[in-house]
Amino acid sequence: MSAPSRVRSVDSSSDREFRSVLVPAGNKLQQKPVKKTVDKTKDITFTAKKKKTPLSPSILRRNGGISMNASYSSEASSSCESSPLSMASTSSGRRALRRSGSNASSSLRRNLTEERDEKAAAGDCFSDGRRRCAWITPKSDQCYIAFHDEEWGVPVHDDKKLFELLSLSGALAELSWKDILSKRHLFREVFMDFDPIAIAELTNKKITSPEIASTSLLSDQKLRSILENANQVRKIIVEFGSFDKYIWNFVNQKPTQSQFRYPRQVPVKTSKAEFISKDLVRRGFRSVSPTVIYSFMQTAGLTNDHLTSCFRHQECISKDETTGY
């Protein structure tokens, strides 16, 4: 492409005033070489705004996983020093979400959700340096922490203990685990250490006596359901040889080893719990809904639902291997 031709005048003075200038639209003529005044304030403002633009998640990943928050290190998931994202990081993420398209928005939301899940899975740091399931915190009642550390998820094969855990799981409809555990000694006293044969000999009148009512354990309906369930457990022992053999047959005598990373992944019931519940109801059991049965399965170790980040997850697997069932 040939160079643009210059327009010349016969007069030398006009030659100084007319010259060709290369601009984006092409070559145009200007009357005078007047210098344009540049508003530096606008350039500075534009540059400053441009520098504040947060990096999108895709750019962060391309740059080797640069953190959205300087204090949020890559080792946060395994360290007690981990901390949630700062408000500044969250607000910058929201600004990026508005600037980006729908794909970037969904990607950022997904990243923030994953970060919240990772924090929840990591749980709080205890004085002993061990991590527990997210629903156990340093502020939890000590009996609740002990129950999590020593019983919850451990395979149980004793008939009395199994019936106790089934009864206590049914009590969750009226009480929390904290309240149940604090009154556990009263439950054992009233229900004769949960011996199903001994309980079956009790009468409704004795169960609902003023002495027992004063303990405020459960409603009359729940107390009667425990009495009725003891009668059904006794029948199962006669039929199968033990309540342990009957209940563990549903999982082929082997606990289900879950691999949940986040609390939101832990279900409140499963198809297996629904199947067991239907069979128990068919046999005459009461207060054995699928949610009650799944809570019982978790407590009695038929399923190991400790989060993988919890120190008890592997310990419960080891206990199952050593029992030889």
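Residues numbered from 1 in each chain as written. Predicted model: local features only at pLDDT ≥ 70, side-chain atom pairs only at ≥ 80, totals over all residues. Heavy atoms only, no water.

1. Points about the environment of Ala-134
The criterion, for reference: Each helix is a run of DSSP H or I of at least 4 residues and each strand a run of E of at least 2, with the numbering of both proceeding from the N terminus.
Mapping Ala-134 onto the fold places it in the loop between α5 (102-122) and α6 (142-150). The spatial distance from the C-alpha of Ala-134 to the C-alpha of His-306 is 9.4 Å, given a sequence separation of 172 residues.

2. A short note on the nonpolar core
It is characteristic of soluble globular proteins that their nonpolar side chains tend to be buried jointly. What counts here: Note on terminology: a nonpolar core comprises buried Ala, Val, Leu, Ile, Met, Phe, Trp, Tyr and Cys residues joined through side-chain atoms within 4.5 Å. Residue burial is assigned from relative accessible area. The probe radius is 1.4 Å, only protein chains are included, and a residue is buried under 20% of its type maximum, exposed over 50%, and partly exposed in between. Throughout, a contact is declared for two residues whenever any of their heavy atoms are within 4.5 Å.
The biggest cluster of nonpolar side chains holds 44 residues, and the ones touching the most others in it are Leu-162, Phe-187, Phe-191, Ile-199, Ile-247, Ile-293 and Met-297. Going through the elements one at a time, α7 (159-170), α8 (177-182), α9 (184-190), α13 (220-240), α14 (243-248), α15 (271-282) and α16 (290-299) are the ones with two or more residues in this core. Examining the composition of this core, we find that six residues originate from one element, α13, more than from any other. Setting aside its immediate chain neighbours within four residues, Ile-293 contacts Leu-166, Ala-273, Ile-276, Ser-277, Leu-280 and Val-288. Counting six residues, the second-largest nonpolar core is a separate cluster that includes Cys-133, Phe-260, Leu-307 and Phe-311.

3. Observations regarding the packing of aromatic side chains
Describing an aromatic ring pair means giving the distance of the ring centres and the angle of the ring planes. Test applied: Note on ring pairs: Phe, Tyr and Trp rings are taken, using the six-membered ring of Trp, and paired if centres are within 6.5 Å. Classes follow the plane angle, with under 30 degrees stacked, over 60 edge-to-face and the rest tilted. Remark: a charge is flagged as sitting over a ring if the NZ atom of Lys or the CZ atom of Arg is within 6 Å of the ring centre and within 35 degrees of the ring normal.
A full pass over the atoms with the stated rule returns eight aromatic pairs. With a centroid separation of 5.1 Å and an interplanar angle of 55°, the aromatic rings of Phe-240 and Tyr-246 are classed as tilted. With a centroid separation of 6.0 Å and an interplanar angle of 25°, the aromatic rings of Phe-243 and Tyr-246 are classed as stacked. Taken together, the positions of Phe-243 and Tyr-246, both in helix α14 and three residues apart, correspond to about one turn of that helix. The class of Phe-243 is buried, set by a relative accessible area of 0%. Three or more aromatic residues link up through ring pairs in this structure, and these residues are Phe-240, Phe-243, Tyr-246, Phe-250 and Phe-275. When the ring centre of Phe-311 is taken as reference, the NZ or CZ atom of Arg-130 above it lies at 4.1 Å. A cation over a ring is seen here: Arg-132 above Phe-126, with NZ or CZ 4.3 Å from the ring centre.

4. What to know about the packing of α15 against α16
To keep things clear, this is the line we draw: As a rule, the C-alpha atoms of each element are fitted with a line to give its axis, helices using only the stretch in contact, and angles between N-to-C directions run from 0 to 180 degrees. Note on angle classes: values under 35 degrees are labelled roughly parallel, values over 145 roughly antiparallel, values of 65 to 115 roughly perpendicular, and the remainder oblique. A crossing counts as left-handed when the near helix is turned anticlockwise from the far one by less than a right angle, and as right-handed when that turn is clockwise. Polarity classes work like this: nonpolar for Ala, Val, Leu, Ile, Met, Phe, Trp, Tyr, Cys and Pro, charged for Asp, Glu, Lys and Arg, and polar for all others, with Gly in that last group.
Running from N to C, α15 and α16 point in directions that differ by 110°, and their axes come no closer than 8 Å. By the angle class used here, α15 and α16 are roughly perpendicular. The two elements α15 and α16 cross, and the hand of that crossing is right-handed. For the pair α15 and α16, contact is made by Lys-272, Ala-273, Glu-274, Ile-276, Ser-277 and Leu-280 and by Pro-290, Ile-293, Tyr-294 and Met-297, respectively. Counted by class, the contact of α15 with α16 contains seven nonpolar, one polar and two charged residues.

5. A look at the pattern of salt bridges
Quick note on the threshold: The working definition used for a salt bridge is a side-chain nitrogen of Lys or Arg within 4 Å of a carboxyl oxygen of Asp or Glu.
Inspection of the entire model under this criterion finds 12 salt bridges. Residue Asp-128 pairs with Arg-132 through a salt bridge whose shortest N-O separation is 2.8 Å. With its nearest N and O atoms 2.8 Å apart, the salt bridge here joins Glu-151 to Arg-184. Residue Glu-151 is located in the loop between α6 and α7, and its partner Arg-184 is located in helix α9; the two are separated by 33 residues in the primary sequence. When salt bridges with common partners are traced through the structure, they connect Glu-151, Lys-161, Glu-164, Arg-184 and Arg-188 into a single cluster.

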